[in-house]
Amino acid sequence: MSLTQQSGVPRWVLVPAALGAAFVVLPLVALVTRVEWGSFFSLITSDSSQAALWLSLRTSAASTLLCVVLGVPMALVLARTTFRGQSLLRSLVLLPLVLPPVVGGIALLYTFGRKGLLGETIDVLGLQIAFSTTAVVIAQTFVALPFMVVSLEGTLRTVGERYEVVAATLGARPTTVLRRVTLPLVLPGLAAGAVLSFARALGEFGATITFAGSLEGVTRTLPLEIYLQRETDPDAAVALSLVLVVVAVLVIGLVRGTRSTAL
Amino acid sequence: MRRLAAALLLLVTLAGCSDDARDRTTDGPEKTLQVYAAASVQNAFTEIGKRFEDANDGVTVKFTFGGSSDLVAQIEQGAPADVFASADTANMDKAVKARVVGGVPQDFASNTLEIVTPPDNPAHIESLRDLTKRGAKVVVCAPEVPCGAAAARVEKAAGLTIKPVSEEQSVTDVLGKVISGEADAGLVYVTDVLGAGAKVHGVTFPESRRAVNTYPIASLRGADDETLAAYFTDYVVGPEGQSVLSTYGFQKP
C-alpha cells in the first residue's frame, strides 16, 4: 500500500476508516446494481418523472434565490455585529439543520396554513399557500437557509475585517464596502452556500409532504415521486433515485470546485 | 482509546446475541408471534392481539404496522414476519407471487370509503358530486396506494372527475389534512371516520359500495411456529376477531 503519511496516523485507524467508507459507498453500489438499464431511459422520461424533475429544479432554484436574499444579510449580521442574544439567535437559525423535516412541516403548517398563525393575513391578501408550489418553496427554503448562513458566516469570519476597515478609513461608505470589498472576498463561500442550499432543497421530502401535499406538476417533487413510485413501480423509483444521486455527486463536485479556488 | 473501541465492539456483539436469543425461543413455553399488518387495522389488531395473548398463555404478539406495499417489500427482504395482514388483495397477491406466503390467504374484513370533512363542513359537502364543486379543496389518496385505487373506482362508477388539490401517500395523510382544516373534504375509509371521532364529520354516499376493499391475512413461509401463525390467522377470521373488527367499523369480508 503506497500511502503517503503526512502526520502519524496509526495504521489501525485505516480499518475502521475503510469500514466507514464502505458503509457509505456500498448502498450506492447496491442501488446502481438494481437499476433496470434496459428501461432506464423510458422510466426517467415518463410524463410524471419529467414533471417531478422539472418541478424540483424550479422550486430548488427559487428557494436557493430566497436563501441568498435572506441568508446573506443574516450571515453578515451574525458575523459582523455583536448584540445581546446573538448566540441564542444563531442557535435558533440553525435549528432546521437538526430538526426532523416532518417537524418543520408541521410547524410551517401552523404558521402558513389556513388555520395557522398567518393564515388569516394571507387569506386577506388573497393568497393561497396550502397545496401550492409556493408551499413547496417555503418548505425548501426553511430547511436550506441554515446551510447558506453557516457557510457564509464561516467564510466571513475566516476572511476577517482587515480590508473592510481599510476601505472604511479611506472613506468608503458601508454599502460600498459591502459591495466592493466584502462580497467579492466571500464570493466562494457564498457560492458554496448556494450550491449546498440548492442540494438540500432538491432533497427536501418530510417538510414538503407534511406541509405542501403531493400533486403532479404542482407539489410532487422528485423525492415525493420516488416515494410514491415505490408503491407500484420499484424500478422507476430506483431509476429516479439514481438521477438524484447523480445530481448530488455533481453538487459535491461543484462545492469542492468553489472551495479549492477559495484556498 | 483501544479499550473504548474494544468495549464498544463487545457491546455491539452482546446486543446482537441477546437479539438472536430472543427471536429463537421457539421450543420453550414462551413464544413470540410477529404480525405485519396494514396501518388501517392498527387499533383493531392491537386489541385482537391482547385478547389472543390472554387466551394463549406464554404467547406474545408483536405488531409492525405500515403501508401494505412497504410491508410486502420488507417481508420479501427477509423481515422476521410470521403473519401478514394486507389492506388489499393486490399486495397479498404480490406476497404470494414472491413465494413468501405459507398458508392460503383468507379474507378477514372489508372496508368502504366515506367522505370526511372538518366538523363544521365549511364547503357544505353532502354528496360525492359535491366533491367536484368549484373552490372546494379536496384531498384523496394517490391512485398508486389502495385507498386511492378505491377512490378512482368510485369516481369511475359515479361518472365523476374529482380534481383534488393533493393526492396523498396514505389514508392517514388525507385524514390529517382534513383534521388540520387545510382541506375541506377528503375520501377515507369508514373506519378512519369512526376512529377520528368528533374531530371530523363523515358523509356516507351510496357509490361507496362500488369499491369495496377486501383485507386478506395469511401465515408466512418460514414462520418460527407455523401452527401458532395459522392459529392466529384463524383467530382473526373467527368470531372473536370478527367481533373486535366490527366494533372498529370493519365490515364482513
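That block above? That's the structure.
Here the structure is a predicted model, which is why all the values come from computation and not from measurement.

> What am I meant to see in the overall build of chain A here?
A count of helical and extended segments in chain A gives twelve helices and zero strands. Element order for chain A, N to C, with α for helix and β for strand: α-α-α-α-α-α-α-α-α-α-α-α. Seen through its principal axes, chain A has C-alpha atoms that stretch 70 × 65 × 30 Å. Within chain A, the proportion of its 263 residues that are buried is 38%. Distance between charge centroids for chain A: 16 Å, based on 18 positive and 13 negative side chains.

> Can you help me understand the packing of aromatic side chains in this one?
Residue and element names in this part refer to chain B. On inspection of all chains with the given rule, the structure shows 13 aromatic pairs over all chains. For the pair F52 and F232, a centre-to-centre distance of 5.1 Å together with 90° between the ring planes defines the contact as edge-to-face. Taken as a pair, F52 in helix α2 (residues 42–55) and F232 in helix α8 (residues 226–237) lie far apart in primary sequence, 180 residues in all. Following the ring pairs from residue to residue traces out a cluster consisting of F45, F52, F63, F65, F108, Y215, Y231, F232, Y235 and F250.

> It is not clear to me how the interface of chain B and chain A should be interpreted in this structure. Could you clarify?
Bring the parts together and some accessible area is lost; that lost area is often taken as the interface size. Each side of the interface is counted separately: chain B has 22 residues, and chain A has 21 residues. Here chain B meets chain A over a buried area of about 2000 Å², counting both sides, of which 47% is carbon and sulfur. Among the residues chain B hides against chain A, the three largest losses belong to E144(B), Q169(B) and E182(B). Together they make up 33% of the total. Summed over the shared surface of chain B and chain A, the result is three salt bridges. Its salt-bridge partner being E167(B), residue R220(A) comes within 3.1 Å of it at the nearest N-O pair. Joining chain B to chain A, the criterion identifies twelve residue pairs in polar contact (both at pLDDT 80 or more).

> Help me understand the packing of helix α3 (residues 47–80) of chain A against helix α4 (residues 86–98) of chain A in this model?
Geometry of a packed helix pair, given as the angle between the helix axes and the separation of the axes. Residue and element names in this part refer to chain A. Two elements in contact, α3 and α4, have axes separated by 10 Å at closest approach and are oriented at 150°. Once α3 is placed against α4, the crossing between them reads as left-handed. On α4, the residues touching M74, V77 and L78 of α3 are Q86, L89, R90 and V93. A per-class count over the contact of α3 with α4 returns five nonpolar, one polar and one charged.

> Which parts of the structure should I look at to understand the pairing of strand β1 (residues 31–38) of chain B?
Taken residue by residue, a regular strand's side chains alternate between the two faces of the sheet. Residues and elements named next belong to chain B. By the criterion of burial, β1 is predominantly enclosed, with six of the eight residues buried. As defined by bridge partners, β1 adjoins strand β2 (residues 59–66) across eight bridges and the pair is classed as parallel. By the bridge assignment for β2, V35 is matched with F63. The parallel pair β1 and β2 is bridged by α2, and the resulting crossover is right-handed. Summarising the sheet, β1 and strand β3 (residues 83–85) pair through three bridges and their orientation is parallel. Counterpart to A37 in the pairing with β3 is A85.

Quick notes on the rules
- Residues numbered from 1 in each chain as written.
- Chains lettered and ligands numbered in written order.
- Predicted model: local features only at pLDDT ≥ 70, side-chain atom pairs only at ≥ 80, totals over all residues.
- Heavy atoms only, no water.
- Helix = DSSP H or I, 4+ residues; strand = E, 2+ residues; numbered from the N terminus.
- Buried < 20%, exposed > 50% of the residue type's maximum accessible area, 1.4 Å probe, protein only.
- Lys, Arg positive; Asp, Glu negative; His and termini not counted.
- Charge placed at Lys NZ, Arg CZ, Asp CG, Glu CD.
- Phe/Tyr/Trp six-rings, centres within 6.5 Å; stacked < 30°, edge-to-face > 60°.
- Contact = heavy atoms within 4.5 Å.
- Buried area = accessible area lost by both parts, 1.4 Å probe.
- Salt bridge = Lys/Arg side-chain N within 4 Å of Asp/Glu carboxyl O.
- Polar contact = N/O pair within 3.5 Å; in protein donor to acceptor, adjacent residues only side chain to side chain.
- Axes fitted to C-alpha atoms, helices over the stretch in contact; angles between N-to-C directions.
- Left-handed = near helix turned anticlockwise from the far one by under 90°.
- Nonpolar A, V, L, I, M, F, W, Y, C, P; charged D, E, K, R; others polar.
- Pairing = 2+ DSSP bridges.
- Right-handed = clockwise from strand over helix to strand, strands pointing away.

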